[in-house]
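Summary of the model geometry
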There are 2 protein chains.
Amino acid sequence: CLDHSYSLSSTTTSEELLRKLNEQKDIIALMDVKIKEMKGTIRQLKVNEAILREELRNKEKLLSMSVIRKKHGM
Amino acid sequence: CLDHSYSLSSTTTSEELLRKLNEQKDIIALMDVKIKEMKGTIRQLKVNEAILREELRNKEKLLSMSVIRKKHGM
């Protein structure tokens, strides 16, 4: 004499839990993609920052040269 | 007469599934924190980029003025 209702509810609970587990797995996969994208964005922004700082240094060098020329009446 | 072994294995399965569900929930919470941090980093990098571009524009304006002065023998 099996306790059918208990077994059924246990199976249903396991099925529900399994379904929730799979939903969460999908959520984790999506967040993983999001994190990878953001890592790429951050890397790109840092590369751009380095380029801008280099350009700034060059301009400042040119400016200082023009100031020196001016002082020497060039 | 309950089928004890089946019920026990169903309960064990449910307990294992519940434990996995909670582990995944923790993982999702950690990824959530990570994503928020990266959003903040990206926002900050973009602010810095705007500042650098503004500085660059200023330097280039100064440089063009010095070129004009030089051309006019100032």
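Before reading on, note that the structure itself is shown above.
Definitions and cut-offs
Residues numbered from 1 in each chain as written. Chains lettered and ligands numbered in written order. Predicted model: local features only at pLDDT ≥ 70, side-chain atom pairs only at ≥ 80, totals over all residues. Heavy atoms only, no water. Contact = heavy atoms within 4.5 Å. Buried area = accessible area lost by both parts, 1.4 Å probe. Salt bridge = Lys/Arg side-chain N within 4 Å of Asp/Glu carboxyl O. Polar contact = N/O pair within 3.5 Å; in protein donor to acceptor, adjacent residues only side chain to side chain. Nonpolar A, V, L, I, M, F, W, Y, C, P; charged D, E, K, R; others polar. Helix = DSSP H or I, 4+ residues; strand = E, 2+ residues; numbered from the N terminus. Buried < 20%, exposed > 50% of the residue type's maximum accessible area, 1.4 Å probe, protein only. Core = buried A, V, L, I, M, F, W, Y, C linked by side-chain atoms within 4.5 Å. 1 Å grid on protein atoms, 1.4 Å probe; cavity = no way out; pocket = protein on both sides within 12 Å on 5 of 7 lines; lining within 4 Å. Points joined across faces, edges and corners; volume = space filled by probe spheres on them.

A short note on the interface of chain B and chain A
In this complex, chain B contributes 39 residues to the contact, which on the side of chain A involves 39 residues. In this assembly, chain B packs against chain A so that about 3700 Å² is buried in total across both faces, 77% of it on carbon and sulfur atoms. If you look at where chain B meets chain A, you find two salt bridges. In this structure, K59 of chain A engages E60 of chain B in a salt bridge whose closest nitrogen and oxygen atoms are separated by 3.4 Å. In this structure, the connection of chain B to chain A is made through three residue pairs in polar contact (both at pLDDT 80 or more). Across the side of chain B that touches chain A, the residue classes break down as 17 nonpolar, eight polar and 14 charged.

Regarding the pattern of salt bridges
Residues and elements named next belong to chain A. The full count for this structure, using the stated rule, is eight salt bridges over all chains. Two residues, D32 and K36, come together in a salt bridge whose shortest N-O distance is 3.2 Å. Residue D32 and its partner K36 are located together in helix α1 (residues 4-71), separated by four residues, close to a single helical turn. The class for D32 is partly exposed, based on a relative accessible area of 34%. With relative accessibility at 56%, the residue K36 sits in the exposed group.

Re the nonpolar core
One finds I28, M31, I35, M38, I42 and L45 of chain A together with I28, M31, I35, M38, I42 and L45 of chain B forming the largest nonpolar core, which totals 12 residues. Breaking this core down by element, the ones donating at least two residues are α1 of chain A together with α1 (4-71) of chain B. In this structure I28 of chain A touches Q24, I27, I28 and M31 of chain B, once residues within four positions along its chain are discounted.

Quick notes on the layout of surface pockets
Size it by volume and the largest pocket reaches roughly 320 Å³. Around the largest pocket, the lining residues are L63, S66, V67, R69, K70 and M74 of chain A together with L63, S66, V67, R69, K70 and M74 of chain B. Of all the secondary-structure elements, those providing two or more residues to the lining of the largest pocket are α1 of chain A together with α1 of chain B.

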